Amino acid sequence: MNRIAVLQMTTGIDPVANARTLVSAIGAAASGGAGMLFTPEMSGLLDRDRTRGGLHIVPEADNPVLAAVREAAAGAGIWVALGSLAVAREDGRWANRSLVIDPNGAIAARYDKIHMFDVDLTTGESWRESNAYAPGELVVTVENTPLGRLGLTVCYDLRFPALFEALGQARCDAIAIPAAFTKPTGAAHWHVLQRARAIEASAYVIAAAQVGKHEDGRETYGHSLVIDPWGEVLLDLGGDEPGLGFAELDPARIAEVRAQLPSLANRRPIHT
């Protein structure tokens, strides 16, 4: 069995405070016997005021939250799937970047969120991620994690089956879906989509999420999840409070499900 930890956060507008939360969680995850910690989207900074937040968005090499996480991961000897950070690109735009840190503190993989959250909700909420962030273009997996091959996605990517088709065909053993889901969309679609993606890929899904009322005024849905390849929910951290949860993942379960229901092997090209 592979023991993992999942961090549910209420990230604020101060990267220093958010870094302290992450470092504390890394220590607690390692003390709890986890081989890998998963954190939410925008773990280092969550600020809808882009003028104010932009003061803290720097190139990856200069990001103090990333530096603190790398140091803590190395000190604790644990893998960290850092859900995402806002980082400055050379072209002046930002990236919503997920990073996987190995137990030596090295960056094992980077993934820039492909699908931008540009929506108008009936609640009156309007979001235009593409106004500041440049979308990524590459499907990313990282091998030799404690869970085997890990596929990387971020939040709104959840709604785009083609990405998960690619990760399934890559035979990912687990897929990370860190998120900061709004409450209305979360209540409607979060659980059903997460379970569907696990079933489609015949893989574990680990979805660390933001929760509650944030300093910038937004509210997020929470319910960080761990789901097995059959679609069964192994962990749900609820929609009220931040916290750290643990789950045991059985690698034999992946092979068992793929043998029982070999949808990955049975897929055929669709021609239109």
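Please refer to the structure placed before this passage.
Residues numbered from 1 in each chain as written. Predicted model: local features only at pLDDT ≥ 70, side-chain atom pairs only at ≥ 80, totals over all residues. Heavy atoms only, no water.

The subject of this paragraph is the packing of aromatic side chains. Under the defined criterion, the tally for this structure stands at three aromatic pairs. Measuring from ring centre to ring centre gives 5.5 Å for Trp94 and Tyr133, while their planes differ by 75 degrees; the resulting arrangement is edge-to-face. Of this pair, Trp94 sits in strand β4 (residues 94-101) while Tyr133 sits in the loop between β7 (126-128) and β8 (141-145), placing them 39 residues apart in sequence. By the burial criterion, Trp94 is buried, and Tyr133 matches it. Taken together, a centroid distance of 5.2 Å and an interplanar angle of 80 degrees make the contact between Tyr156 and Phe160 edge-to-face. Accessibility expressed as a relative area gives 16% for Tyr156, which makes it buried. Positioned above the aromatic ring of Phe164, the side-chain terminus of Arg197 is 5.5 Å from the ring centre. (Phe/Tyr/Trp six-rings, centres within 6.5 Å; stacked < 30°, edge-to-face > 60°. Helix = DSSP H or I, 4+ residues; strand = E, 2+ residues; numbered from the N terminus. Buried < 20%, exposed > 50% of the residue type's maximum accessible area, 1.4 Å probe, protein only. Lys NZ or Arg CZ within 6 Å of the ring centre and 35° of its normal.)

Compared with the 24 Å implied by 1.5 Å per residue over 17 residues, the 24 Å span of helix α1 (residues 15-31) between its first and last C-alpha is a close match. Along α1, the residues classified as buried are Pro15, Asn18, Ala19, Leu22, Ala25, Ile26 and Ala29. The arc that holds every buried residue of α1, seen down its axis, measures 125 degrees, which confines them to one face. Turned more than 90 degrees from where α1 packs its buried face, Val16, Arg20, Ser24 and Ser31 sit exposed. Buried positions along α1 lie against β1 (2-8), β2 (36-38), α3 (64-76), β3 (79-88) and β16 (243-249). Where α1 begins, one side-chain oxygen reaches toward the backbone nitrogen of Val16, 3.0 Å away; that side chain belongs to Asp14. Looking one or two places after α1, you find Gly33, whose phi comes out positive at around 90 degrees. (Expected span 1.5 Å × (residues − 1). Arc of directions from axis to C-beta. Contact = heavy atoms within 4.5 Å. Polar contact = N/O pair within 3.5 Å; in protein donor to acceptor, adjacent residues only side chain to side chain.)

On to the pairing of β8. The pairing of β8 with strand β9 (residues 148-152) spans three bridges and is antiparallel. In the strand pairing of β9, Thr145 is matched with Gly148. (Pairing = 2+ DSSP bridges.)

Looking now at the environment of Ile206. Examined against the element boundaries, Ile206 turns out to sit in strand β11 (residues 204-207). Given a relative accessible area of 1%, Ile206 falls into the buried group. Separated by 180 residues in the primary sequence, Ile206 and Ile26 place their C-alpha atoms 16 Å from one another. If we skip the residues at most four places from it in the chain, Ile206 touches Ile4, Val6, Phe38, Leu147, Ala174, Ile175, Ala176, Ile177, Leu225, Val226 and Leu249.

Everything listed is a geometric property; what it means functionally is a separate question.
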